[in-house]
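# Topology and contacts: notes
Residue-level listing of the chains:
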Amino acid sequence: MIVDIRKMRQYLIQVGLATGALAITILAADLITGSITSRAVVVAAIASTAFILFVSPHSDTARLRHVGGGHFVAIVIALPFAFFASSVSGVAFSLYIATAVGLSMLAMAATNTEHPPAAGTAFAIVAHGVSFTLILLVLIAIGVLMLTHSIFKKWMNDLY
C-alpha cells in the first residue's frame with residue numbers, strides 16, 4: 001500500500017520525533033557508557049520501542065504502563081540471571097538466555113505490562129552480564145522516549 005500524500009506530513013513529523021528522541025538517547029548513552037556499539041542488542045530493543053511509540057502511538061503496547069513496565073520487568077527478571085551468566089557457556093548459555101527471556105515474557109503477561117521489545121532488554125542484560133551502565137542506559141532511553149511520546153501523543157496518529 002502506498003502512503004497517501006496527504007498523510008506524508010504526519011509520517012515525517014512522527015518519524016522525525018522518533019529520530020530526534022533516539023539521537024538524544026544514543027548521545028546520552030555514548031556519554032555514559034563510552035561506547036554504544038558494544039550495547040547493540042539493547043539499542044535494538046530501544047529502537048523497537050521507539051517504532052511502537054511513534055508509528056502506533058495509541059496502541060496498547062505504546063501505553064506507558066506497557067513500555068515502562070515491560071522494560072522494568074525485563075530488567076528485574078534478567079538481573080539474577082546476569083549475575084551468573086559468566087559461569088555458563090556453550091549450548092547451556094543459549095538455554096540460559098532463552099529461559100531469562102521466557103520468564104520475562106511470562107512476568108510481563110502476568111503483570112499486564114506486555115511490551116515485545118522489552119524481551120530484547122532481558123536478552124541484552126543476560127548476554128552482557130551485570131552492567132549497571134547498561135541498566136542506566138535502558139532507564140534513560142526509555143525515559144526520554146516515554147517523555148517525548150507523552151508530550152506529543154495528542155498530536156500523533158497511528159500510521160498503519
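In this report, the structure presented in the accompanying data block is examined.

## Comments concerning the overall build of the protein
From N to C terminus, the protein includes six helices and zero strands. In sequence order, the secondary structure elements of the protein are arranged as α-α-α-α-α-α. Principal axes of the C-alpha set define a box for the protein whose edges measure 55 × 35 × 30 Å. When burial is assessed residue by residue, the protein has 43% of its 160 residues classed as buried. At a minimum sequence separation of 6, the contacts of the protein that also span at least 24 residues come to 78%. A total of about 8400 Å² of accessible surface is found on the protein, and carbon and sulfur atoms cover 72% of it.

## Quick notes on the nonpolar core
Val-42, Ile-46, Phe-54, Ile-125, Val-126 and Leu-145 are the most contacted members of the largest nonpolar core, which totals 41 residues. Within the residue set of this core, elements represented by two or more residues are α1 (8-33), α2 (40-55), α3 (64-83), α4 (90-110), α5 (118-128) and α6 (132-152). Apart from the residues lying within four places of it in its own chain, the contact partners of Val-42 are Thr-121, Ala-124, Leu-134, Leu-137 and Val-138.

## Comments concerning the side chain of Ser-131
Take Ser-131: it is sitting in the loop between α5 and α6. You can call Ser-131 buried: its relative accessible area is 15%. Among the polar contacts made by the side chain of Ser-131, one reaches the side chain of Thr-133 at a distance of 3.1 Å.

## Regarding α3
Relative to the 28 Å expected for 20 residues at 1.5 Å per residue, α3 spans 28 Å between its end C-alpha atoms, a close match to the ideal helical length. Along its length, α3 shows its largest kink, about 25°, at Ile-77, and proline Pro-80 lies within four residues downstream of that point.

## Notes on the environment of Gly-68
Positionally, Gly-68 belongs in helix α3. Taking C-alpha positions, Gly-68 is 10.0 Å from Leu-145, a pair spaced 77 residues apart along the chain. Not counting residues within four places of it along the chain, the set of residues in contact with Gly-68 comprises Ile-142 and Met-146.

## Here we look at unusual backbone geometry
Residue Asn-112 is not a glycine yet carries a positive backbone phi of 55°. Within the secondary structure, Asn-112 sits in the loop between α4 and α5.

Quick notes on the rules
Residues numbered from 1 in each chain as written. Predicted model: local features only at pLDDT ≥ 70, side-chain atom pairs only at ≥ 80, totals over all residues. Heavy atoms only, no water. Helix = DSSP H or I, 4+ residues; strand = E, 2+ residues; numbered from the N terminus. Buried < 20%, exposed > 50% of the residue type's maximum accessible area, 1.4 Å probe, protein only. Contact = heavy atoms within 4.5 Å. Areas by Shrake-Rupley, 256 points an atom, 1.4 Å probe, with all protein chains shown as cover. Core = buried A, V, L, I, M, F, W, Y, C linked by side-chain atoms within 4.5 Å. Polar contact = N/O pair within 3.5 Å; in protein donor to acceptor, adjacent residues only side chain to side chain. Expected span 1.5 Å × (residues − 1). Bend = angle between axes of the 7 residues up to and from the residue.

None of the figures reported here should be taken as evidence of function without further support.
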